[in-house]
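One letter stands for each residue in the lines below.
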Amino acid sequence: MGEPSDTEPVSNEVTPPGSKRRRKKSMVWEHFTVEAVSGGCTRACCKLCKQTFAYSSGSKIAGTSHLKRHIALGSCPKIKSQERAQLALTSGTNADGGTTDPPKRRYRLSGFANATFDQDLSYTYLAKMIILHDYPLHIVEQPAFISFIESLQPRFRMVDVNGIEGEILKIYQKEKQNLMQAFGAMPGRVSLTIGLWMTSQTLGYVSLMGQFIDTDWKLHRRMLNFMMVSSPHSENALSEAISASLSDWNMKTKLFTITLDNNCSSHDIYSANLRDHLSNKNTLMLKGQLFVVRCYAHILNIVSQDVIASIHGIIYNIRESIKFVKASPAREERFAEIALQLEIPSTKTLSLDVTTQWNTTYLMLLAALEYKQAFTVLETCDDNYNEAPSSDDWKKVEVVCTYLKLLYDSANVVMATAEPTANIFFHEAWKIQLELTNATLNEDAIVSSIAKDMHEKFDKYWKDCSLVLAIAVVMDPRFKMKLVEFSFSKIYGADAARYVKVVNDAIHELYLEYVAQPLPLTPAYIEQGEDNDMNPMGNDYMNSIENDSLPPIENNELSTPMPPVENNELSTPMPPIEHNELSTPMPPIENNELSTPMPPIENNELSNPMPPMENNELSTPMPPMENNELSTPMPPIEDNELSTSMPPIENNELSTPMSFIENNQPSTPMTPNDSNQLSTPMTFNDNNQLSTPISAGDGLLDFEMYLSEMAVNQPTKPELEQYLEESLVPRIQEFDILNWWKLNTLKYPTLSKMARDVLAIPMSMISTGSSIFGTGTGSRILDEYRSSMCPETVEALFCAKDWLQYLPTMAEPPSTAIVKMEY
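Residues numbered from 1 in each chain as written. Predicted model: local features only at pLDDT ≥ 70, side-chain atom pairs only at ≥ 80, totals over all residues. Heavy atoms only, no water.

## A short note on the overall build of the protein
A tally of regular secondary structure across the protein gives 23 helices and 12 strands. In the protein, buried positions account for 41% of the 823 residues. Restricting to contacts in the protein with at least 6 residues of sequence separation, those with at least 24 account for 73%. With the model as given, the accessible surface of the protein reaches about 44,400 Å², and the carbon-plus-sulfur share is 53%. (Helix = DSSP H or I, 4+ residues; strand = E, 2+ residues; numbered from the N terminus. Buried < 20%, exposed > 50% of the residue type's maximum accessible area, 1.4 Å probe, protein only. Contact = heavy atoms within 4.5 Å. Areas by Shrake-Rupley, 256 points an atom, 1.4 Å probe, with all protein chains shown as cover.)

## Describing unusual backbone geometry
We note that Asp134 has phi near 55°; this positive angle belongs to a residue other than glycine. Among the structural elements, Asp134 can be located in the loop between α2 (119-132) and α3 (143-152). With a relative accessible area of 40%, Asp134 lands in the partly exposed category. Phi is positive for Glu343, which is not a glycine, with a value near 55°. One can find Glu343 in the loop between α9 (329-341) and α10 (358-370).

## Some words on the packing of aromatic side chains
Aromatic ring pairs are reported here in terms of the distance separating the ring centres and the angle at which the planes meet. Per the stated rule, a full pass over the model turns up 31 aromatic pairs. In textbook terms, an aromatic cluster arises when at least three aromatic residues are bridged by ring pairs, as seen for Phe324, Phe335, Tyr371, Phe375, Tyr385 and Trp394. The ring centre of Tyr723 lies 4.5 Å from the NZ or CZ of Lys480, which sits over that ring. (Phe/Tyr/Trp six-rings, centres within 6.5 Å; stacked < 30°, edge-to-face > 60°. Lys NZ or Arg CZ within 6 Å of the ring centre and 35° of its normal.)

## A short note on the environment of Gly184
As for its placement among the helices and strands, Gly184 is situated in helix α4 (residues 161-184). The sequence separation of Gly184 and Met251 amounts to 67 residues, and the corresponding C-alpha distance is 8.7 Å.

## Quick notes on the confidence of the model for the protein
As a note on interpretation, predicted positions should not be read in detail where pLDDT is low. Taken as a whole, the protein shows an average pLDDT of 74; of its residues, 64% reach a score of 70 or greater. Here residues 1-20 is a poorly scored stretch, pLDDT under 50, and it has 23 contacts once near neighbours within four places are set aside; other chains count. Taken as a whole, residues 83-113 scores under 50 in pLDDT and shows 58 contacts with residues more than four places along the chain or in a different chain. (pLDDT = per-residue confidence, 0-100.)

## Some details on the nonpolar core
Generally speaking, a soluble globular protein has its nonpolar side chains buried in company with each other. Core analysis: the largest hydrophobic core is formed by 114 residues, its most contacted members being Tyr296, Phe375, Phe426, Met475 and Trp741. In terms of residue count, helix α14 (residues 445-474) provides more of this core than any other element does, 16 residues in total. If we skip the residues at most four places from it in the chain, Tyr296 touches Ser410, Val414, Phe425, Glu428, Ala429, Ile432, Phe458, Tyr461, Met763 and Ser764. Judged by nonpolar contacts, the second largest core, of 57 residues, contains Leu224, Phe226, Leu238 and Met789. (Core = buried A, V, L, I, M, F, W, Y, C linked by side-chain atoms within 4.5 Å.)

## Observations concerning the pairing of strand β5 (residues 190-198)
Across the 9 residues that make up β5, a large majority, 9, are buried. Burial along β5 is two-sided: the face carrying Val190, Leu192, Ile194, Leu196 and Met198 and the face carrying Ser191, Thr193, Gly195 and Trp197 are both buried. Bridging between β5 and strand β8 (residues 255-260) involves 3 bridges; their strand directions are parallel. Residue pairing across strands places Val190 opposite Leu255, the latter belonging to β8. As paired strands, β5 and strand β6 (residues 204-213) are joined by 8 bridges and run antiparallel to one another. Among the inter-strand pairings, Met198 is bridged to a residue of β6, identified as Gly204. Hairpin connection from β5 to β6: 5 residues lie between these consecutive antiparallel strands. In the sheet, β5 pairs with strand β12 (residues 780-781) via 2 bridges, with the strands oriented parallel. (Pairing = 2+ DSSP bridges.)

## Some remarks on the pattern of salt bridges
Under the definition given, this model contains 20 salt bridges. Across the pair Lys405 and Asp409 runs a salt bridge whose closest N-O atoms are separated by 2.7 Å. Within this pair, Lys405 and its partner Asp409 are both found in helix α12 (residues 391-416), separated by 4 residues, close to a single helical turn. Residue class for Lys405 comes out partly exposed when judged on its relative accessible area of 42%. Counted as one network, the salt bridges with shared partners bring together Asp134, Asp783, Arg786 and Lys801. (Salt bridge = Lys/Arg side-chain N within 4 Å of Asp/Glu carboxyl O.)

## Brief notes about the side chain of Asn359
Structurally, the position occupied by Asn359 is in helix α10. On the basis of relative accessibility, which here comes to 12%, the residue Asn359 falls in the buried class. Ignoring any residue separated from it by four or fewer positions in sequence, one finds Asn359 in contact with Tyr408 and Phe773.

## As for a nonpolar patch on the surface
A cluster of nonpolar side chains, Leu700, Phe703, Tyr706 and Met710, forms an exposed patch at the surface whose accessible area comes to about 400 Å². Looking at the secondary structure, you find Met710 in helix α18 (residues 701-713). For Met710, a relative accessible area of 45% puts it in the partly exposed group. (Patch = residues over 30% accessible without salt bridge, like charges linked within 9 Å, V, L, I, M, F, W, Y side chains within 5 Å.)

## Some points on the environment of Pro718
Within the fold, Pro718 resides in the loop between α18 and α19 (719-725). Note: C-alpha distance between Pro718 and Leu512 (206 residues apart in sequence) is 9.8 Å.

## Things to note about the pairing of strand β3 (residues 52-57)
Across the 6 residues that make up β3, a large majority, 5, are buried. Sheet analysis places strand β2 (residues 41-46) next to β3, joined by 5 bridges and oriented antiparallel. When the sheet's bridge partners are listed, Arg43 is paired in β3 with Ala54. Remark: 5 residues form the turn of the hairpin made by β2 and β3, two consecutive strands paired antiparallel; Lys50 in that turn has positive phi of roughly 65°.

## Digging into helix α11 (residues 372-381)
Looking only at α11, the buried set comprises Ala374, Phe375 and Leu378. Along the axis of α11, the buried positions cluster into a sector of 100°, meaning they face one direction only. Buried residues belonging to α11 abut α8 (312-326), α9, α10 and α12. (Arc of directions from axis to C-beta.)

## So, the packing of α12 against helix α13 (residues 424-440)
Between α12 and α13, whose axes approach to 10 Å, the crossing angle comes to 180°. When the axes of α12 and α13 are compared, the pair comes out roughly antiparallel. Here Tyr403, Leu406, Leu407, Ser410, Val413 and Val414 of α12 come into contact with α13, specifically with Ile424, Phe425, Glu428, Ile432, Glu435, Leu436 and Ala439. Considering only residue class, the contact of α12 with α13 consists of 10 nonpolar, 1 polar and 2 charged. (Axes fitted to C-alpha atoms, helices over the stretch in contact; angles between N-to-C directions. Parallel < 35°, antiparallel > 145°, perpendicular 65-115°, else oblique. Nonpolar A, V, L, I, M, F, W, Y, C, P; charged D, E, K, R; others polar.)

## Details of the side chain of Asp353
Relative to the assigned elements, Asp353 resides in the loop between α9 and α10. Take Asp353: its relative accessible area is 12%, and that puts it in the buried class. The residues contacting Asp353, other than those within four sequence positions of it, are Arg319, Thr360, Thr361 and Met364.

Right, here's the structure in full:
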C-alpha cells in the first residue's frame, strides 16, 4: 500500500455537486483504475500489479505524479517484462477503445526514460562497436549478450550474423564515399605505406595506407584497402595491388612515394619491380629516385634485435639472475642488503623484459648493469646462485647498452611527435649513422665487432634513404641545406662536397618539375595578392624593387586610334600589368575614387580646343568634361598611335604610391616624348593636378633614370633560391613546420606544393600513437577467425575501424537527472 507521503500535494479544488466531471486525460489511467474505499475515499489501483495508491479523500483529489513514477521508473514489477511498456506514456485510448488525440502537454521523466528509441540507430551503433573493438560478429547470437541488451532496451530486435555483417558493409561504403570526397579535394599527392599480412592458408593480405597533407596543412593517414592476394611475396603482387588501389580511389596521377618494410631479402626486388611496373602507368617525380622508401621504425627494430641476439647467452644469464632474486622476499631483502653494503647509488628497479619488445630488454640490461657488483657478491655468498655474468660479459652488455640507447632515444623522439612529418627523421638517422661509422673504427675489439654488425644493416638503410631524408630536411626552414652540409662533412669528411651536390641537384631538379606544373588560382591568392604579388599564377614571385619613381615606359606605340569614350567609361577592361609589384599600397583618392569601372563625367567642356595630333587622330572627338577644365591645351603626341586598350606595362614596379587630388586637373602640361617615356615621375597634388617632383629640379634627373633602368633590368630569382638564401628560422621547441608553410604559401606558391608532398612522405609505417619497439618487421599474422571470413568483410572491418576513429566523438548520452514536466 502506498503511503500518502508518496503523493503530490493534494488539490484544494472542490468539484461542484451535480457538475459533469471532466474526462481524465492523463495517460496514467491506461494502467490504473479508480476504486472506492470506505469513508468516501478512492484509491488508484495498478492494473498490472494490483498495488493501490491514494487518489482522493472526500473533496480533495491527489495528483498523478506518484502514479507516473510507478509506471515510468519501473517500480511496477510487472511492467518490466512487457515489451511495450515505454509506449504506454506516448499513446492513449478512450473508454470505447478508440484512439484519442495526443495530449497537448507531455510528461518528461529522467534522461533515458523518455528517450526516443530508434531501432536503426541502435543497430548502427552496435555495428560500430563491433568494428572499433574487434568483437566477433557472432556476439549478436551469444545468449549472455542478448540478455544484456534486453535488460537495457526490451524493444530492440537483435539481428543475426548475416544482418550485422550487412550493416558493417553499409557503414564501410558510406565512410568510403566520404573519404573519396576528401581525396578529390586533396591539393597535392599521396604517399602509400604497404604492409603484408599472412593467414594460416597460403593466402595473404596487402594493406595500403595513404598519407597526405590537406588544404589546411594538416597531416592525415588513412587506410585505403586491405586486399587479399594469392601470393603476397610474388614479384608482381604488390604492384598489382597498388595499381588496383589507385584505380579504385581515382589517384593514378597522384602517387608520390611508397614505404615498405625492411625485409632485406625481398626489399631490392620489390623496389625495382614496383618502380618499373608503376612508372609505366604513373608519372613518378624525380625519375623515381624517391619512389621507394624504407620504414625507419623497422630498421630500428632490425638493428636492435640483431645486436641483442649477438649477446643472447649473456642476456639469458641476466634474466635467470633477476628471476632468482625475485623468487622470494627473503632473496630480495638479501640482495638489497648487498647493494646497500656496496653503496650502489642506483634507483632503478630490477625487472624482467618482454622478449617481443626490445625496449624492455634494453631497460632490463641497463638496470642490471648498475647491480653487476651485487650479482657477483651474491654468487659468492649463495650456493644456489651460479648465473652471474663475468666481467667480460658485463663489458659487452655495457657496449650494447651504449648503442641501444641511440636507437631507443631516436624511437622516443619519433613517437613523441604528434605529426611525424618527414623532416624529423634526417636528424635522427644521421646521428646514428655517424656514431656507428666511428664505432667500427674503434680500437677496442668488442666495440668494433658489435658496431660492425649494427652498422652493416643501418648503412644499407642510409644509402637507400639518405637522399629523401635530406630533401625532407631542406624543406625545414630551421635547417635547409645547412644541416645537410654540416652532417655530411661529419660523415663523409673530404668527400662531403660530392654528396652535398647530389642532394642540391636533386632538390633543384625536383623543383623544376613542380615549376612545369600549372598553379591553380585560388581565392587565397586573390584576397591577399595586393600584399604579396600581383601575379599569383606565375611560377616565381618577383622581388620587390625599391625605387623612388615611376620607371619609364619604353617604345609603347599606340597602333590604332582610340575610340570615343562615352560618359567617361572605359569600353574595355585594362589588361593585367605583368611583373609590377606595388611596394606600398595605393593611398585613398579623395572625391575622385575609382571603383571597378570609372564613373562617367557629364557635361565636361574643354576650355580650349584640343590641338592637332600627329599620326594619332581620334576617330571621334573626345566628349566634353564637366568641371574638369584643362588649364592649358594638351600638346601633340608624336609617333604614338592609340590602340583600343592600353598595352601592358612590363617590368615596371611602382615603388611609391601615386597620389591623386581633387578636380583631376593637371597643373603642368604633359610634355611630348618620342618614345612615350615619362621623363620624370608622375605625381599629383591635393587637387588631382600634375605637379613637378622635387627631383626634377635638383639636377638628379639622370640618377632617376639610372634607378629606373636598374629596377627594370634586375633579374628575378626562383622561389627555391630565395628560400635557400634567406636566413634560418630560429629553432624553437614549439615550431610547427606545417603552419609555417601554410603562412608562407603565398610567398612560395610553387615551392609550397613541393614541400606539401615531401613533408607528407611516411618515413615510418608505424601509426601515430603506436609503439615502434615491436619485433614485427615482416609479415603479420591474421588470426584464424578473420582468416575464415570472406575478403570483402575483412576489408570492411579493417578499413572502417581506421576511418571511424577519426570521426567526431559520438554525442554524449542523455543526462540521468530527473526532469519533471506536468501535462
